[in-house]
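Okay, here's what each chain looks like letter by letter:
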Amino acid sequence: MEDKARGRADAARHVVLGVTGGIAAYKSPLIVRAIKDLGIEVRVVMTEAARQFVTPLALEVVSENPVLWDNFQSPLSHINMAKGALALIIAPATLNTISKFSSGIADNLLTTLFMAFRGPVIIAPAMNWRMYDNPIFKDRLAYLKDKGVVEIPPEMGQLACGEQGVGRMASAERIVHTLRRVIGANDMKGLRVVVVSGPTREYIDPVRFITNRSSGKMGLALARVACLRGGVVTLISGPTSLPSLSDISDAEVIRVETSGDMRRAVLEKSREADIVVMAAAVCDFKPERFIEDKISRTERFTLDLIKTTDILAEVSSHRNASKTPYIAGFAAETGDRKDRAREKLKRKGINMIVFNDVTAEGAGFDSDTNIMTVITPEQELSIPKMSKEDGADRIFDIILSHIKGPR
Ligand code: CTP
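The structure presented is a predicted model; accordingly, all values stated were derived computationally and were not measured.

Engineer: How would you sum up the layout of surface pockets? Please name residues and give values.
Structural biologist: Space inside the largest pocket adds up to approximately 1,000 Å³. Of all the secondary-structure elements, those providing two or more residues to the lining of the largest pocket are strand S10 (208-211), helix H10 (217-228), helix H12 (311-317), strand S16 (326-333) and helix H13 (338-348). Sort the elements by how many residues they give to the lining of the largest pocket and H13 lands first, with 5 residues. Here the second largest pocket is characterised by a volume of approximately 470 Å³. If you go around the second largest pocket, you meet 22 residues; those closest to its centre are Leu220, Arg224, Pro243, Ile248 and Glu389. Of all elements in the fold, only helix H2 (28-36), helix H9 (172-183), H10 and helix H14 (388-404) reach the threshold of two or more residues within the lining of the second largest pocket. Ranked by residue count, the leading element in the lining of the second largest pocket is H9, at 5 residues. When the residues that make up the lining of the second largest pocket are grouped by side-chain class, the tally is 11 nonpolar, 3 polar and 8 charged.

This is the structure in C-alpha cells:
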C-alpha cells in the first residue's frame, strides 16, 4: 500500500480530504464522489475518531485510493500527500481539529499534514451549535480564517443531539462549489455581477397568469460561473424549478414574479454593478388590468394586453458617463435570425447580445447545452454546442476581455 499511496499522491490533479470524528463523517463518501465527478482524484486522511463514524474501507472503495489515518502507516505520507495537492479540505471539521490547526498542534496524520501543506485549505465545521458559538472556538476559527483558511460555515438545522441550531455540515454541493471557486482562476474577483434569469408571470386574476417559456438554466449557469470565478453575484430570478444558487454559494438570490418586480430589482441592483447579464424571458405583454376576483368561465373571454417596459433598454439608458455597467442581453430567436439580434443590440444600446436559435437541436429551452453567437458592435464570435456552464464561461471570457480594454 505504501508505494501505491506515494505514487498516487504525485498525480497532478488531486485533493486531500481530511475526515474528522463527527457524526457528519458518514456523509464523507458523498463528498468524495462529488469531487471525483469533477475529474479530480481524492486522497483521504482520517482521524482515529472519524473511524468510529465511517470506515476506511468505504472511503477507500469510493476514492479508489488507500486511506490513511496514522503517521506510521506510510512513512512521510504527511509530506508526500501534501505535495502537489490542489487543496486540503476538511469535512467534517470538528472543534478539536480546528483548534489544533489554529494552535499548530501536529499530533496525528491530519494535523501534521495541515502544518506541512502550502496550498488552499477549506474547512467545513460540524458540531453542536453551542460549541460553534463558543467564544474560545470563535477566536480560534477567526485566527485560522485570518491566516487564509476558507470556512464553509455550517448550516441551520436539526443537529445530531436533537436540537435545532447552526452546526450542520454544509452540503456536498456547497463544498464542491467552494472547492471549484478556491482552485479556479478568480479572474472576476470583486466584480459585481447581476444576472437576470427565468420567466416572468403577468397575472390576469389571482389564479391565472401569462408567462414565457424559460427553464432558467442559462441564467443559473451564468450566475454560477460568475461566482466560481470570484464575482460578487446577485441572481434576480423569475419562478423556476431549479435548485437555489444560494444553497451552494454566497450569491444573493432575489426571487421575483412579475416583469414589474423584475424591473424594480434590476434597476436597483444594476446601479452598483460592473456587469449586468439579462438572460430573462420577460413577458412582452401584460393584461391591461388585473381582475381582483377569480374570473368565471364564460363562452368567450377577451384579454387586452399592453406592452411591458423593456428592462434592458431602461437599464442601458440609465448608465452614467463612465459607461458602467457592461450590459449583455440575450436574443432567443426561432431560426437563424442574427439580424434581429443585431437590431436589438442597437435598439437597446447595450454592449453585447447573445444570439441563440431555440429551435436548433442542443439549444432548446430545457436543454443542458446551448449553441450561441456573441454579437458586439465590433465582432461576432460563435460558441459551438457545449454545456450551458461552459458557454457561460466563454461569455464571461469575452466580457472580461472587453472590460479590461476601453469600451
Ligand atoms: N428584455 C427586457 N425587457 C423586456 C423584454 C425583453 O429586458 N420587456 C430583454 C431580454 O431579457 C433579453 C433582451 O431584452 O435580454 C431581448 O429580448 P427579446 O424578447 O428577444 O427581445 P424583445 O426586445 O422583447 O423583442 P421581440 O420580442 O420583438 O423579439
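There is more to say after this.
Engineer: Would you mind going over empty space enclosed by the protein in detail, with residue names and values included?
Structural biologist: Across all of its chains, the model carries 2 cavities of 30 Å³ or more by this definition. Estimates place the volume of the largest cavity at around 80 Å³. Along its surface, the largest cavity is lined by Ser197, Gly216, Leu220, Leu235, Ser237, Thr240, Leu242, Pro243, Ser244, Leu245, Val253 and Arg255. Of all the secondary structure elements, the ones that give two or more residues to the lining of the largest cavity are strand S11 (232-237) and strand S12 (252-255). By residue class, the composition of the lining of the largest cavity is 6 nonpolar, 5 polar and 1 charged.

Engineer: Explain the site of the ligand residue by residue, including any values.
Structural biologist: Around the ligand, the surrounding shell holds 16 residues, and the nearest of these are Ala280, Leu312, Arg340, Lys344 and Lys348. One of the backbone nitrogen or oxygen atoms of Met278 is found 2.8 Å away from an oxygen atom of the ligand. Lys348 places a polar side-chain atom, nitrogen or oxygen, 2.6 Å from an oxygen atom of the ligand. Look at the ligand: alone it shows 570 Å² of surface, and the protein chains cover 82% of it. With respect to the pocket detection grid, the ligand is positioned in the largest pocket. Broken down by secondary-structure element, the contributors of at least two residues to the shell around the ligand are H12, S16 and H13. With 4 residues, H13 is the largest single contributor of residues to the shell around the ligand. Each residue belonging to the shell around the ligand can be placed in one class, and the counts come to 7 nonpolar, 3 polar and 6 charged.

Engineer: Just give me the short version of the side chain of Thr94, but keep the residues and values in it.
Structural biologist: On the secondary structure map, Thr94 appears in the loop between strand S3 (88-93) and helix H5 (95-103). At a separation of 3.2 Å, a polar atom in the side chain of Thr94 contacts the main-chain amide nitrogen of Thr97. For Thr94, the residues in contact, after removing those within four places along its chain, are Thr20, Gly21, Gly22, Ala126 and Met127.

Engineer: Can you break down the sheet that holds strand S5 (residues 150-151) residue by residue, with the values?
Structural biologist: With parallel pairing, 5 strands are arranged side by side in an open sheet as S2-S1-S3-S4-S5. With one partner strand each, in any of the chains shown, strand S2 (41-46) and S5 form the two edges of the open sheet. Of the strand pairs in this sheet, S3 and strand S4 (residues 121-125) are connected by 4 bridges, and their pairing is parallel. Within the sheet, the bridge partner assigned to Ile90 lies in S4 and is Ile123. Contacts between helix H6 (residues 109-116) and the sheet are confined to strand S1 (14-19), S2, S3 and S4, with S3 contributing the most and set at about 145° to the helix.

Engineer: Now, about the environment of Pro56: what can you tell me, with residues and values included?
Structural biologist: Its place among the elements puts Pro56 in helix H3 (residues 56-63). Pro56 sits 10 residues away from Pro66 along the chain, and the two C-alpha atoms are 8.5 Å apart. Leaving out residues up to four positions away in the same chain, Pro56 has contacts with Met46, Arg51, Val67 and Trp69.

Engineer: Please provide a residue-by-residue account of the environment of Ala58, values included.
Structural biologist: Along the polypeptide, Ala58 turns up in helix H3. Between the C-alpha atom of Ala58 and that of Tyr143, which follows or precedes it by 85 residues, the distance is 34 Å.

Engineer: Explain the domain arrangement of the chain to me, and be specific about the residues and the numbers.
Structural biologist: Partitioning the chain into structural domains gives domain 1 (14-182) and domain 2 (192-402). Measuring from the centre of the C-alpha atoms in domain 1 to the corresponding centre in domain 2 gives 38 Å. Each partner contributes residues to the interface: domain 1 has 7 residues there, and domain 2 has 9 residues. Three residues, Arg174, His177 and Arg180, lead the burial of domain 1 against domain 2; their summed loss comes to 74% of the area buried on that side.

Engineer: Just give me the short version of the pattern of salt bridges, but keep the residues and values in it.
Structural biologist: Throughout the structure, instances matching the rule amount to 29 salt bridges. Residue Glu163 pairs with Arg130 through a salt bridge whose shortest N-O separation is 2.9 Å. Of this pair, Glu163 sits in the loop between strand S6 (155-158) and strand S7 (164-168) while Arg130 sits in helix H7 (residues 129-132), and the two are 33 residues apart along the sequence. By relative accessible area, which is 25% here, Glu163 ends up partly exposed.

Engineer: Which residues make up the nonpolar core, and what values go with them?
Structural biologist: Residues Val193, Leu222, Phe330, Met352, Ile395, Phe396 and Ile399 are the most contacted members of the largest nonpolar core, which totals 35 residues. Considering every element that reaches this core, the biggest residue donor is H10, with 8 residues. Discounting chain neighbours no more than four positions away, the residues touching Ile395 are Met218, Leu222, Phe330, Met352, Val354, Met372, Val374 and Ile383. Of all hydrophobic cores here, the second largest spans 30 residues; its members include Val42, Val54, Ile122 and Ala172.

About the cut-offs
Residues numbered from 1 in each chain as written. Predicted model: local features only at pLDDT ≥ 70, side-chain atom pairs only at ≥ 80, totals over all residues. Heavy atoms only, no water. 1 Å grid on protein atoms, 1.4 Å probe; cavity = no way out; pocket = protein on both sides within 12 Å on 5 of 7 lines; lining within 4 Å. Points joined across faces, edges and corners; volume = space filled by probe spheres on them. Helix = DSSP H or I, 4+ residues; strand = E, 2+ residues; numbered from the N terminus. Nonpolar A, V, L, I, M, F, W, Y, C, P; charged D, E, K, R; others polar. Near = heavy atom within 4 Å. Polar contact = N/O pair within 3.5 Å; in protein donor to acceptor, adjacent residues only side chain to side chain. Areas by Shrake-Rupley, 256 points an atom, 1.4 Å probe, with all protein chains shown as cover. Sits in = over half its atoms within 2 Å of the grid points. Contact = heavy atoms within 4.5 Å. Pairing = 2+ DSSP bridges. Axes fitted to C-alpha atoms, helices over the stretch in contact; angles between N-to-C directions. Domains from an automatic or database assignment. Buried area = accessible area lost by both parts, 1.4 Å probe. Salt bridge = Lys/Arg side-chain N within 4 Å of Asp/Glu carboxyl O. Buried < 20%, exposed > 50% of the residue type's maximum accessible area, 1.4 Å probe, protein only. Core = buried A, V, L, I, M, F, W, Y, C linked by side-chain atoms within 4.5 Å.

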